[in-house]
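Observations on chain architecture
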Amino acid sequence: MDEYHIVNDAKEQLSFVSDKFDSEMKQAHVTRKGLRWFDREYLLPDFVSSSRGTVRLPAPLQRKREMEKMEEMKLELERKKKEEEENKVSDEEDEGNDQQIDDDAAEAAVDMDVNDTSAKKKQNPDSKRQRKEKGKKKAKKRSKKRKHDSKKNDDDDEVDMSDGEDSDEESDEQRLKRLKVMRDEERKRREREERERQALAMSVERFAIPEVLFRPSDIGMNCGGIVEAIVESINACDDIYRAAMYNNILLVGGNATIPGFRERVESELRKLAPTNYPVRVYLPDDPVSFAWEGAVQFSQQDGFQKQFSIDRVSWEAMKKAGKDQSGIWGERMNNIVRK
C-alpha cells in the first residue's frame, strides 16, 4: 500500500465536516493535544495481523474517558444504594405493621386455644395421661431417626472420601489456571504490539481539511466554496426553474460520504437561498456510483443513440469542417429542441 492509499484511507475513516468550525478551532487552542474530543490516532497497517489501517483513541483521552466512566458508575452505585436504603426503610415499616397485625391475631388465637383446652379438660379428664404417652412414642421415633441419619451420613462420608481419592479435580483447576495465565499473556502481548505500532496523530486536521470545500480561501484559492457554486449555477437558469432546483439538490461523489457534509450544505444553502424557496438536499445510499447508475438508466431509453449520440464518421467530418466540441453538441441539441 503506497502513501496515497494510506492517506486516502485515513481521510475516509477520520474526516468529518464541522458545523462549528471557528469555535472548534478556538477550543483546540486552549485544550492540550490528546485530550480534545476529536483527537484520534490512525494506526498504520503492519500487513501481518492487518492489511488496513485502524483508528483508536489517544492514551490521554482513553484515560479521561475511563475516569468519566468510573465516575458515572460510582454515581450510579450511590444512587442504587440510596434507593435500596429507602426501600429497606419502607419494608421495615411495612414489616412492623404486618408484625403488629400478626401479634394481634396470635393473641386472639391463644385466647381461643385456652378456652378450647379448658373445655376439653372438663369433658375428658384422662387427656393429660394420653398426651404423655403420645410424647414418649414421638421421642422414641425421633431417637431412631437420628440413629438412622447418623449411619447414613457416615456412609456418605466414606463414599466422598473414596471419590476424592480417584478424582482429578485438582488437575482440572491447574489446567484452568494455566489457560488463564496464557490468555493474560496473550492479551498483554497484543496490547504491547498495539502500542508499538506506528500511528498518525490526527486532531484538527479531521475537520480542517474538508473545510476547504466550503472555504477555499483558507488555502489561498480565490474562488467561492461548493455552496456558492450551487447558488451561481441555479441563478444562471431562468427564474421559473430556480424554486424547483433549490428543492431538488442531489449530492454525488466520494466527498458526499463525509459525515456532516449534507447537513452543512443544506444549512449554508438555506442562508443564501431566497426565503420563499424551500431547500432540500438529498444524499443517496451510494453517492459514489449514483451518477453512473443514472447515466446507465438514461442510455437505456428508447431512441437514446439516435437523439443523443453521434457516430464516429459524422464526428470526424464535423471536426474536419472546423467545428469544435461545443459547436457540434450545440447544433445537435438545437435540432432536438426544434423537433
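Residues numbered from 1 in each chain as written. Predicted model: local features only at pLDDT ≥ 70, side-chain atom pairs only at ≥ 80, totals over all residues. Heavy atoms only, no water.

Digging into the confidence of the model for the chain
- Confidence in the prediction for the chain averages 81 pLDDT; 75% of positions are at 70 or higher.
- Predicted confidence for residues 159-167 stays below pLDDT 50, and this span has 0 contacts to residues more than four positions away or in other chains. (pLDDT = per-residue confidence, 0-100. Contact = heavy atoms within 4.5 Å.)

Considering helix α9 (residues 261-272)
- In a regular helix each residue adds 1.5 Å, so 12 residues correspond to 16 Å; α9 covers 17 Å between its end C-alpha atoms and thus fits that length.
- Contacts from the buried residues of α9 go to α7 (226-235), α8 (239-246), β4 (249-250) and β5 (281-282). (Helix = DSSP H or I, 4+ residues; strand = E, 2+ residues; numbered from the N terminus. Expected span 1.5 Å × (residues − 1).)

Describing the side chain of S203
- In this fold, S203 is placed in the loop between β3 (199-202) and α6 (205-208).
- Within the local environment of S203, its side chain forms a polar contact with the side chain of D39, the two groups lying 2.6 Å apart.
- When sequence neighbours within four positions are dropped, the list of residues in contact with S203 reads K33, R36, F38 and D39. (Polar contact = N/O pair within 3.5 Å; in protein donor to acceptor, adjacent residues only side chain to side chain.)

Structural notes on the pattern of salt bridges
- Tallying each qualifying case throughout the model produces 13 salt bridges.
- Among the ionic pairs, R79 bridges to E83, the shortest N-O distance being 2.7 Å. Pair noted here: R79 and E83 are both in helix α3 (residues 59-123), with a separation of 4 residues, about one helical turn.
- We classify E83 as partly exposed; its relative accessible area is 36%.
- Put simply, E316 and R312 hold a salt bridge, and the shortest N to O gap is 3.2 Å. Linking E316 with R312, this pair stays in helix α12 (residues 312-320), spanning 4 residues, or about one helical turn. (Salt bridge = Lys/Arg side-chain N within 4 Å of Asp/Glu carboxyl O. Buried < 20%, exposed > 50% of the residue type's maximum accessible area, 1.4 Å probe, protein only.)

Section: the packing of α7 against α9
- In the contact formed by α7 and α9, the axes pass within 9 Å of each other and the chain directions differ by 50°. Looking at the two axes, α7 sits oblique to α9. Crossing geometry of α7 relative to α9 is assigned as right-handed. In this structure, α7 contributes I226, V227, E228, I230 and V231 to the contact, and α9 contributes F261, V265, E268, L269 and L272.
- In the contact of α7 with α9, the residues fall into 8 nonpolar, no polar and 2 charged. (Axes fitted to C-alpha atoms, helices over the stretch in contact; angles between N-to-C directions. Parallel < 35°, antiparallel > 145°, perpendicular 65-115°, else oblique. Left-handed = near helix turned anticlockwise from the far one by under 90°. Nonpolar A, V, L, I, M, F, W, Y, C, P; charged D, E, K, R; others polar.)

A few points about the sheet that holds strand β2 (residues 54-56)
- The strand order β2-β1-β3 describes an open sheet built from 3 strands, whose pairing is antiparallel. The open sheet has two edge strands, β2 and β3, and neither has a second partner. Geometrically, the sheet is characterised by an average inter-axis angle of 30° between neighbouring strands, direction not taken into account.
- One ladder, built from 4 bridges, connects strand β1 (residues 40-43) with β3; its direction is antiparallel. (Pairing = 2+ DSSP bridges.)

Focus on the side chain of R36
- Relative to the helices and strands, R36 is located in the loop between α2 (21-30) and β1.
- In this structure R36 is buried but unpaired, with D39 as the nearest side chain of opposite charge at 4.4 Å.
- Here the side chain of R36 touches S203 through a polar contact of 2.7 Å, side chain to side chain. (Lys, Arg positive; Asp, Glu negative; His and termini not counted.)

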